[in-house]
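A look at the structure
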Amino acid sequence: MLIKPANEYASAPTWEKGSNAIFHYRAFTYIVNKHSHQECNDHTNRSEGLKETCGHEGENLSEHNHQDLDQKPVRIKVGDSRENSKPFELRIGMGFSVKSMEIAIKTMKVGEISRFLCSPEHAQAYFHLESVLRKERDEAKGIKQAVRVGGCCGHAMIAAVSTKEKNDLQTAIEEFSPVEYEFELLKVLAPNSFQKEVWEMSADEKWLEAPLKKEEAGALYKKGKFQEASEIYGRALVLLESLSMSTQVMDLQRDEQEKERKQEQMRNKLLFEKIRERSKKSESEVTMNENTDQEINRDENTNENVGNTNVQQSSEIQNFTLMELKILMNQTRLNYAACKLKLRDFPMVIIQCTEVLKHEPENIKALFRRGQAYLQIGRDLELAEKDFFDCMKILQSTHKTSEMLDLTREIAQLKAKQIQQQIKEKK
C-alpha cells in the first residue's frame, strides 16, 4: 500500500547486483492477546473424570482455548530501524537472508513510503533477523540478554527479558504470525560507489584499501584532526586484522611452515650422513663443519627456490607477502596508538602497543607509547618505568638523540609522580 509517493520526477532504480539500498523501516505483526504463559502455574493432565486446568481456578481448558480463538489479533510493532544509529542497508542480489524485504524494496522509488504485508512462511526470517539486531543493541547498551528455559504449556519461555517487545517477538515466532513492513527508501547507491563492509570484501580489496586508509589518516593526523584520523586508522586496522585471518593468508603461512619443515629435515639428513661418513673415515683431515655448512647452504638455496615458488604463486594472486602484511599491520597499530594518546584513550594505546611488541619486542615506539599510557593512567607506574627502562637500553645502543630527549622528559614526569605517590602512601 502506497503511503507517500516518490517525487514525480524520480525514476525507478536499476537495481544492479551489488547496489546498496538505504532505507528506514518499521515492522508490525499480529498476535492473539492470550494470557501470559508465565502466569500459568501448570498444565495438569488429570486422570479420568477430572477436568484439565490451565492454572485458572474453575476454568475448563477447552473453554479457555476456545475463548483465545475468538479473540481478534492485536497489531504490535516489533521492529524500527530508527532505534539504531543509522538507516538499514541492504546489498541487492547478494543473498540477503530476508528475501521478503529485498523483493519489496525493489518495487519502490527513492523517496517513496509504502507498506507491505508478508505471509507467515516468509516472515520467520525477518523475526530471526530482528532477534539478532535486538541482541546487538542490548549488548551495546549493556543490557542482560534473554535466556531460554523450560516453561509451562510445553513452551520454551524467555527469562531475564528487558522489554515487553521481546516477549511479543518470541510469541510472533511461536504463533507463526505474518509481518507488515513500512519502508521509506532514502537512496540507492550503485555498486562500487560506497564503502563496503569488511565481510563483503575480497582479500585483494582489503589489501588495496588498507594502505590508502593509513595514508588518509596520516594526513588528518598532521592537521591535528585526531578523532577523524583515529576512525580511519581503525578502519584500516579492521581490514588488516580480517585479512590476517583469511584463507589466503593461512595458505601463505602453511607454505612458509612447509618450507621451514623441509629445510630442517634436509639439515638433519645431511648432518646424519656426514657423521656416518666421518665415523667410517676417521683418518680424514677434512673438518665436518666446513663441508656440512657448504652442503647445507647449497641445499637450502635449492629448497628456498622451491619454497619461494609456492609463496610466489600465492603472492601473485594477492600481491603481498606475510612480511609486508606484518609490517603494515604494526605501522597501523602504532599510528592508531598515537591518535589514541592524543584522545586520551590510554587503555587502547596499551592494547595496540602490546600487540606490536608481541612481534617486535624491541620496537621503540611501542615501548615508549605504552609507557606514556601507563604513566597517564597513574596506577601502574612500575610498568611505565619498565617500558621506559627497556626503551632507554635500546636507544643507548642505537645513539638516537632525538628520541632520547623525549624519553628523558617522560622519565622526569614518572619520577615526579612516583614521589607524589610515596607521599600519599606515607599519609
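Heads up: these notes are all about the structure in this document. These numbers were taken from a predicted model, which means no experiment stands behind them.

In this structure, Phe23, Met101 and Tyr126 are the most contacted members of the largest nonpolar core, which totals 30 residues. For this core, the secondary-structure elements that each account for two or more residues are β2 (20–32), β3 (73–80), β4 (88–91), α2 (99–105), α3 (120–141), α4 (164–174) and β8 (179–189). Look past the residues within four positions of Tyr126 in its chain and what remains in contact with it is Tyr25, Ala27, Val78, Gly79, Val98, Met101, Val179 and Tyr181. Listed in part, the 26 residues of the second largest apolar core include Ile350, Ile364, Ala366 and Leu407.

Between helix α11 (residues 364–377) and helix α13 (residues 401–426), the shortest axis-to-axis distance is 11 Å and the interhelical angle comes to 25°. With respect to their mutual orientation, α11 and α13 come out roughly parallel. Considering the relative orientation of α11 and α13, their crossing is left-handed. Contact residues: Phe368, Gln372, Leu375 and Gln376 in α11; Asp406, Leu407, Glu410, Gln413, Leu414 and Lys417 in α13. When grouped by side-chain class, the residues that make up the contact of α11 with α13 number four nonpolar, three polar and three charged.

Let us now look at α11. Taking 1.5 Å per residue as the helical rise, α11 with its 14 residues ought to reach 20 Å, and the 20 Å between its terminal C-alpha atoms agrees with that figure. Judged by how many residues are buried, α11 sits mostly within the fold: eleven of 14 residues are covered. For α11, every residue scored as buried is listed here: Ile364, Ala366, Leu367, Phe368, Arg369, Arg370, Gly371, Gln372, Ala373, Tyr374 and Leu375. Those residues of α11 that are buried lie in contact with α9 (322–342), α10 (346–359), α12 (381–398) and α13. One or two steps after α11, the chain reaches Gly378, where phi turns positive at roughly 85°.

Calculation notes
Residues numbered from 1 in each chain as written. Predicted model: local features only at pLDDT ≥ 70, side-chain atom pairs only at ≥ 80, totals over all residues. Heavy atoms only, no water. Core = buried A, V, L, I, M, F, W, Y, C linked by side-chain atoms within 4.5 Å. Buried < 20%, exposed > 50% of the residue type's maximum accessible area, 1.4 Å probe, protein only. Helix = DSSP H or I, 4+ residues; strand = E, 2+ residues; numbered from the N terminus. Contact = heavy atoms within 4.5 Å. Axes fitted to C-alpha atoms, helices over the stretch in contact; angles between N-to-C directions. Parallel < 35°, antiparallel > 145°, perpendicular 65-115°, else oblique. Left-handed = near helix turned anticlockwise from the far one by under 90°. Nonpolar A, V, L, I, M, F, W, Y, C, P; charged D, E, K, R; others polar. Expected span 1.5 Å × (residues − 1).

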